[in-house]
Amino acid sequence: MRGYLIFALMFWLVAWGVNEWLVRQRFAALPAQRAANIAVPLLFGITLLVIWECVVRGFDIPSILLPAPSMIWTRLIHSTPVLWADFQQTFLKSVLTGYVAGCGLGFIVAVLIDRSPFLKSGLLPIGNFVSALPVVGIAPIMVMWFGFDWPSKVAVVVIMTFFPMLVNTVQGLSAASSMERDLMHTYAASPWQTLIKLRLPAAWPFIFNALKINSTLALIGAIVAEFFGTPIVGMGFRISTEVGRSNVDMVWAEIAVAALAGSVFYGLVALAEKAVTFWHPSVRSGQIR
């Protein structure tokens, strides 16, 4: 037991020292600086896994309470077909479909109501109200309305992603200053030209903020919705079923797949944001020079 704990302490000290050295360095070569920026969080994550493994083994913690990372990895390797089927059902069908539909509808409705103060004043309070509704209250209703298969999970995701996109887009469309709008009016630009050339570019940071928020909300909503009824496949179904069977390693394997999928999804949206809003100060200030 003592050997595992000593190894964990030594590994943590060495990793801490290496990370401290990396964050203080300013490499002249851009590839080297990018590699250092990636190495810091990667080494931090590896350190957490090593400490986790050593603590579980050192204190002989029962696997039903906290399985070791090596045990979770073994389950990942041996249950790949099941995990892939669950990933397809939850992420590829429910999350992506609901995300695109919810964000798309929220954006279109925001553009349509932008010129209507009545609709803007009426929908935004409703949006704040619906955003506060717990998913555990929405999911059973959607299952009763749309059935046990993935369309009911899509409906939950649409509800969870629609109003954040609506609220952020409406706020973003009003981000352009009055001086800029007066300039477009001086150029005799039509309302749609002003929207495309001025107000929409100014709203992109707000829109991408909603897209990043919704990338996590969509996955959470789909998984929670599967707890209330689904075919015998899906991440939420697997988690609830395997907990009842005390197969905690499978539960953690599903959590790992969900975390990886959510992180990659969020990262792709963030990369798209940098490509579209490269002109924005928040993006330019974070670029390596």
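What you see is a predicted model; the values in this text were computed from it and never measured.

Chemist: Account for the packing of aromatic side chains, naming residues and giving values.
Modeler: Summed over the entire model, instances satisfying the criterion amount to nine aromatic pairs. Aromatic side chains F91 and F265 sit 5.6 Å apart centroid to centroid with 80 degrees between the ring planes, which places their arrangement in the edge-to-face category. Linking F91 in helix α4 (residues 80–113) with F265 in helix α11 (residues 248–276), this pair joins segments that are 174 residues apart in sequence. F91 gets classed as buried once you look at its relative accessible area, which sits at 8%. For F265, a relative accessible area of 10% puts it in the buried group. With centroids separated by 4.8 Å and ring planes inclined at 65 degrees, the aromatic side chains of Y99 and F265 adopt a geometry described as edge-to-face. On the criterion of sequence distance, the pair formed by Y99 in helix α4 and F265 in helix α11 is long-range, its members being 166 residues apart. For Y99, a relative accessible area of 8% gives the class buried.

Chemist: A description of the environment of L200 should follow, citing residues and the corresponding values.
Modeler: With respect to the helices and strands, the residue L200 is situated in helix α9 (residues 191–225). Separated by 30 residues in the primary sequence, L200 and V170 place their C-alpha atoms 10 Å from one another. Among all residues touching L200, those that are not within four sequence positions of it are F107, L173, L195 and I207.

Chemist: Just give me the short version of the packing of α4 against helix α7 (residues 150–173), but keep the residues and values in it.
Modeler: Interhelical geometry of α4 versus α7 gives an angle of 35 degrees and a closest axis separation of 6 Å. Along this stretch, α4 crosses α7, giving a crossing that reads as right-handed. Residue composition of the contact of α4 with α7, by class: 19 nonpolar, eight polar and two charged.

Chemist: A description of a nonpolar patch on the surface should follow, citing residues and the corresponding values.
Modeler: Taken together, I6, L9, M10, W12, L13 and W16 make up a surface patch of nonpolar side chains, about 610 Å² in accessible area. Residue L9 is classed as partly exposed on the basis of its relative accessible area, which comes to 48%.

Chemist: A description of the domain arrangement of the protein should follow, citing residues and the corresponding values.
Modeler: Split by domain assignment, the protein resolves into domain 1 (1–59) and domain 2 (79–285). In this structure, domain 1 and domain 2 have C-alpha centres spaced 34 Å apart.

Calculation criteria
Every chain is numbered independently, its residues counted from 1 as its sequence is written. For a predicted model such as this one, the threshold for reporting local features is a pLDDT of at least 70, and the threshold for listing and counting side-chain atom pairs is 80 or more; totals across whole chains, interfaces and linings nevertheless cover every residue. Hydrogens are left out, water is left out, and the side-chain values use all remaining heavy atoms of the structure. What counts as a ring pair is set by centres within 6.5 Å for rings of Phe, Tyr and Trp (its six-membered ring), and what kind of pair is set by the plane angle: stacked under 30 degrees, edge-to-face over 60, tilted for all other angles. Secondary structure elements are defined from DSSP: runs of H or I of at least 4 residues count as helices, runs of E of at least 2 residues count as strands, and each element is numbered from the N terminus. Partly exposed residues are those whose accessible area sits between 20% and 50% of the maximum for their type, while under 20% is buried and over 50% is exposed, using a 1.4 Å probe and protein chains only. Throughout, a residue-residue contact means that at least one pair of heavy atoms, one from each residue, lies within 4.5 Å. To define axes, lines are fitted to C-alpha atoms, for helices over the stretch in contact only, and angles between the resulting N-to-C directions are given on a 0 to 180 degree scale. Left-handed describes a crossing whose near helix is turned anticlockwise from the far helix through less than a right angle; right-handed describes the clockwise counterpart. Residues are sorted three ways: Asp, Glu, Lys and Arg are charged, Ala, Val, Leu, Ile, Met, Phe, Trp, Tyr, Cys and Pro are nonpolar, and all the rest, Gly among them, are polar. What goes into a patch is any residue over 30% in relative accessible area without a salt bridge, connected to like charges within 9 Å or, for nonpolar side chains (Val, Leu, Ile, Met, Phe, Trp, Tyr), within 5 Å. Shrake-Rupley sampling with a 1.4 Å probe provides the accessible areas, and residues are treated as covered by the protein chains on show and by no other component. In what follows, salt bridge is the name for a side-chain nitrogen of Lys or Arg lying within 4 Å of a carboxyl oxygen of Asp or Glu. An automatic or database domain assignment supplies the residue ranges for each domain.

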